Amino acid sequence: MKKYTILLVCSVAAIVLLGLLANSINAKEDERKELLNTHADIINPIFSSEWQRYYPREYDSWKQTKENKRLEDMVKKWPQLAVVWAGYPFSKDYNAPRGHYYAVQDNVNTLRVAAPGVPNSSVQSPLPTACWTCKSPDVVRLMETKGDMEYYTGKWDKWGSEIVNTIGCYDCHKADTAELKVGRKYLNTGLVAAGLSTFEESTHQTKRDLVCAQCHSEYYFRGTKYEDGKTAMVVTLPWKDGLKADDMMKYYDEGANFPDGKPFADFVNKISKTPIVKAQHPDYELHTTGIHGKKGVSCADCHMPYTQEGAVKFSDHRVQNPLRTMDRSCMTCHRESEAKLKAVVKEKYDRKESLFAITVDNLAKAHLEAGKAWEVGADEAEMKSVLNLIRQGQWRWDYAVASHGGFFHAPDETLYTLAKANDYAQQARVALVAVLAKHGVSNYSAPDFDTKDKAQKLAGLDMKTLIAEKLEFKKTLEQEWLKQAKENGRLDEKIRDYKDDVSSYFGEAK
Ligand code: HEC
Ligand code: HEC
Ligand code: HEC
Ligand code: HEC
């Protein structure tokens, strides 16, 4: 009898436990379903704060990109940049990337977009509207409501009161179902040109790369005539011949690829007169050439790792340096210790930095030596091949380093590209010795550019004036833009905190 009682108690206990387990599985399943529910009633999908009530974990972690606030003045770190970019807005001001929270703020603050609206300012609004493209879901809204042509026509300041909310949910998700999407058409155009599947045709894992590739890619602004004769500057991905630095240079060098029939250049270096292609941030392209990309590891696997909270698994939306989340970003696949893996990454970084320094130094000297050659009477025929060597070298150097994570994403491609870049720069310098000698100059030594101040002077910049004008813009037109955005209900006031407004030159104003 006693035996049966024990059996009965055990069975009941087992049934209760099973019931509890089933309940918890159901609860988990319900939460997952809830996540994928249709939320057509999100009032304004551009406001990331409105997604919070449905997706609190994604929202909370997304908001934490605000914690990645470190500003790093790259021109201060590498004064050579002002020389190699002389004549281009990047020589004025360039900071390393930080959290997505700051995308709009940093775009408005950079000296590159200058000081529109300030009476008599030295440059009004030099850049096209396209400079907003990777900063905000307002861009997707404008593309959807006004059309690409209207969005891409005009100067940057045209959209000052319209583009005010930083990179948010609507940049990567459909509003009703939160499925991944890309709202920027140029990505599919580029994928097709490269012979790859469009976003919609891609696997789910590839989509976890492609939402990032909307912005973390190399691009150029293609002057495009529309029916009514207006010219729009359209973001275009130079992927027709492939996704590597050599492939893209081939594309840029081929005049037939461009409406004016000439090889492409973003600017002509003011010192050496070299037509330069400025590399943007080919993170996606480099990633596809590295071991993780080849093995199908996606950007989101490392930068948005899955995180368990109670019964719910969600993607950590605090996009940041994955070395801060190694337990979730790396240890899911790797067996070695975190410290060991970190040391491997550090070594890759140091090697890149070392080649970066050698190469950019040679490039800066090549520009200055070419400048000297022009000064002492060299002619176009003598300089043509020299300038091409500088162009080839600078493109490859920039390509390898403008993607700040490239040294890790694709160490081989990065070091290979840097080595070639340095070789081109050296060849240019050797050739310049001969050109200079022909014009009676021997042992020429380029002037010092070892501080930001010296280098920006060589680039012909009057920084005091540029900064003063910019600060005036911030007091006047920027305030007007914000006022208009608020009055028209376009600013998600729950998100942006104007107290944290800062940029690298604020301290240099005095
Ligand atoms: C830069 C692109 C990007 C932004 C911005 C972004 N997400 Fe995501 N989101 C992703 C990716 C990538 C995934 C992973 C998708 C997958 O594997 O199914 C994801 C997954 C999700 C999921 C599915 C569940 C999960 O956590 O994996 C939800 C819900 C979601 N995001 C909501 C949001 C919300 C809300 C915001 C704004 C506060 C937001 N996302 C902003 C890229 C983004
Ligand atoms: C709408 C354009 C856009 C999309 C989409 C986007 N990014 Fe970014 N990302 C940026 C911009 C712009 C910055 C620099 C912001 C700044 O410095 O103000 C940035 C910065 C970063 C940084 C530096 C963050 C830090 O803390 O230093 C990382 C890492 C990054 N992005 C990874 C990703 C990944 C991974 C994805 C896809 C899941 C992604 N981004 C999608 C535009 C975008
Ligand atoms: C295997 C993991 C992994 C994958 C996959 C990956 N990344 Fe990274 N990424 C890293 C690591 C690690 C770093 C930081 C290296 C460092 O600075 O120490 C990094 C750095 C970056 C940076 C520079 C951040 C900064 O502040 O300097 C950006 C931007 C970035 N990644 C974007 C991407 C994009 C976009 C993709 C997909 C196309 C991607 N990453 C794929 C691991 C990864
Ligand atoms: C989804 C799985 C996965 C994740 C996540 C992942 N890795 Fe890897 N990693 C791999 C694979 C696979 C290889 C290639 C190994 C091989 O083929 O020998 C690799 C190779 C490496 C290598 C050596 C390759 C080289 O470029 O020299 C390093 C270093 C590395 N991973 C670091 C990291 C770090 C750091 C993280 C996190 C930020 C990370 N991995 C995340 C799968 C992953």
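In the block above lies the structure referred to throughout.
The model shown is predicted, which means the values in this text are computed figures rather than measured ones.

## Overview of the coordination of the iron atom of ligand 2
Point 1. Bound to the iron atom of ligand 2 on the protein side are H100 (NE2) and H216 (NE2), at distances that span 2.0 to 2.1 Å.
Point 2. For the iron atom of ligand 2, the six donor atoms in the first shell make angles of 85 to 180° at the metal, so the coordination geometry reads as octahedral. A residue pair is termed long-range when its members are at least 10 positions apart, and H100 in the loop between α4 (80-84) and α5 (103-109) and H216 in the loop between α10 (204-213) and β1 (220-225) qualify at 116 residues.

## Focus: the site of ligand 4
Point 1. Around ligand 4, 17 residues are found, and the nearest of them are H292, C330, C333, H334 and K348.
Point 2. Take K348: an N or O atom from its side chain is 2.6 Å from an oxygen atom of ligand 4.
Point 3. Put simply, the parts of the chain that give the shell around ligand 4 at least two residues each are α13 (291-294) and α16 (338-375).
Point 4. Residue contributions to the shell around ligand 4 peak at four residues, all from α16.
Point 5. Looking at the shell around ligand 4, its residues break down into eleven nonpolar, four polar and two charged.

## A few points about the packing of helix α21 (residues 463-475) against helix α22 (residues 477-487)
Point 1. Contact geometry for α21 and α22: axes closest at 3 Å, N-to-C directions at 25°. Our classification of the angle between α21 and α22 gives roughly parallel. Of α22, the residues touching α21 (which contributes F473, K474 and K475) are L477, E478, Q479 and W481.
Point 2. Residues of the contact of α21 with α22, tallied by class, amount to three nonpolar, one polar and three charged.

## Section: the coordination of the iron atom of ligand 3
Point 1. Looking at the iron atom of ligand 3, one finds its protein donor set to be H303 (NE2) and H409 (NE2), positioned 2.0 Å from the metal centre.
Point 2. Since its relative accessible area comes to 25%, H303 is described here as partly exposed.

## What to know about the site of ligand 2
Point 1. Near ligand 2 there are 22 residues, and of these H100, D106, C212, C215 and H216 occur at the shortest range.
Point 2. For ligand 2, an oxygen atom lies 3.3 Å from a polar atom in the backbone of Y102.
Point 3. Contributing elements (two or more residues each) for the shell around ligand 2: α5, α10 and α14 (299-303).

## Observations regarding the environment of E472
Point 1. As for its position among the elements, E472 is in helix α21.
Point 2. E472 sits in the partly exposed class, given a relative accessible area of 33%.
Point 3. Sequence separation between E472 and P45 is 427 residues; the distance between their C-alpha atoms is 33 Å.

## Focus: unusual backbone geometry
If a residue is not glycine, its phi is most likely negative; likewise, a peptide bond is most likely trans.
Point 1. Here the phi dihedral of A114 falls at roughly 60°; this positive angle occurs in a residue that is not glycine.
Point 2. As for its placement among the helices and strands, A114 is situated in the loop between α5 and α6 (137-146).
Point 3. The buried category is assigned to A114, whose relative accessible area is 6%.
Point 4. Here the phi dihedral of K273 falls at roughly 65°; this positive angle occurs in a residue that is not glycine.
Point 5. Mapped onto the secondary structure, K273 falls in the loop between β3 (267-268) and β4 (275-276).
Point 6. Judged by its relative accessible area of 46%, K273 falls in the partly exposed class.

## Some details on the pairing of strand β2 (residues 231-236)
Point 1. Relative to β2, β1 runs antiparallel, the two being bridged by six bridges. Residue pairing for β2: T224 is matched across the bridge by A232.

## Details of the side chain of S503
Point 1. Inspection of the secondary structure puts S503 in the segment after α22.
Point 2. Assessed through its relative accessible area of 7%, S503 is described here as buried.

## Focus: the side chain of K92
Point 1. Tracing the backbone shows K92 in the loop between α4 and α5.
Point 2. We note that K92 is buried and unpaired, the nearest opposite charge coming from E469 at a distance of 7.8 Å.
Point 3. Those residues within four positions of K92 in sequence are excluded, and the remaining contacts are L111, V123, Q456, L461, M463 and L466.

## Let's talk about the packing of aromatic side chains
Point 1. Using the criterion set out here, one finds 32 aromatic pairs in the structure.
Point 2. Between Y59 and W62, the aromatic rings sit 5.8 Å apart at their centres with planes inclined by 35°, giving tilted as the arrangement. Of this pair, Y59 and W62 both sit in helix α2 (residues 56-63), separated by three residues, roughly a single helical turn.
Point 3. For W62, a relative accessible area of 10% corresponds to the buried category.
Point 4. Feature note: the residues W78, W85, Y88, F90, Y94, F267, F356 and W397 constitute an aromatic cluster, connected by ring pairs.
Point 5. We note R98 situated over the ring of Y102; from NZ or CZ to the ring centre the distance is 3.9 Å.
Point 6. Just above the ring of F90 sits the side chain of R112; from NZ or CZ to the centre is 4.0 Å.

## Examining the pattern of salt bridges
Point 1. Across all of its chains, the model carries 37 salt bridges by this definition.
Point 2. The shortest N-O distance in the salt bridge between D398 and K278 comes to 3.1 Å. Residue D398 is found in helix α17 (residues 380-402), and its partner K278 is found in the loop between β4 and α12 (283-289); the two are separated by 120 residues along the sequence.
Point 3. Accessibility expressed as a relative area gives 3% for K278, which makes it buried.
Point 4. Bridged by salt links that share partners, the residues R70, E72, K77, K352 and E353 form one connected network.

## Focus: the pairing of strand β5 (residues 306-309)
Point 1. Looking at chain direction, β5 and strand β6 (residues 312-315) are connected through four bridges and run antiparallel. Its bridge partner lying in β6, Q308 is registered against K313.
Point 2. As consecutive antiparallel partners, β5 and β6 are separated by two residues, and within that stretch G310 has a phi angle of approximately 60°, a positive value.

## Thoughts on the packing of helix α11 (residues 245-253) against α17
Point 1. Following both chains from N to C, one finds α11 and α17 inclined at 135°, their axes separated by 10 Å at the closest point. In terms of orientation, α11 lies oblique with respect to α17. Two packed elements cross with a definite hand, and for α11 against α17 that hand is right-handed. Facing A245, D246, M248, M249, Y252 and D253 of α11, the residues of α17 in contact are R391, Q392, W395, R396 and Y399.

What counts and what doesn't
- Residues numbered from 1 in each chain as written.
- Chains lettered and ligands numbered in written order.
- Predicted model: local features only at pLDDT ≥ 70, side-chain atom pairs only at ≥ 80, totals over all residues.
- Heavy atoms only, no water.
- Donors = N, O, S within 2.8 Å, 3.2 Å for Na, K, Ca; no water.
- Tetrahedral: all angles 85-135°; square planar, octahedral: opposite > 155°, others 65-115°.
- Helix = DSSP H or I, 4+ residues; strand = E, 2+ residues; numbered from the N terminus.
- Near = heavy atom within 4 Å.
- Polar contact = N/O pair within 3.5 Å; in protein donor to acceptor, adjacent residues only side chain to side chain.
- Nonpolar A, V, L, I, M, F, W, Y, C, P; charged D, E, K, R; others polar.
- Axes fitted to C-alpha atoms, helices over the stretch in contact; angles between N-to-C directions.
- Parallel < 35°, antiparallel > 145°, perpendicular 65-115°, else oblique.
- Contact = heavy atoms within 4.5 Å.
- Buried < 20%, exposed > 50% of the residue type's maximum accessible area, 1.4 Å probe, protein only.
- Pairing = 2+ DSSP bridges.
- Lys, Arg positive; Asp, Glu negative; His and termini not counted.
- Salt bridge = Lys/Arg side-chain N within 4 Å of Asp/Glu carboxyl O.
- Phe/Tyr/Trp six-rings, centres within 6.5 Å; stacked < 30°, edge-to-face > 60°.
- Lys NZ or Arg CZ within 6 Å of the ring centre and 35° of its normal.
- Left-handed = near helix turned anticlockwise from the far one by under 90°.

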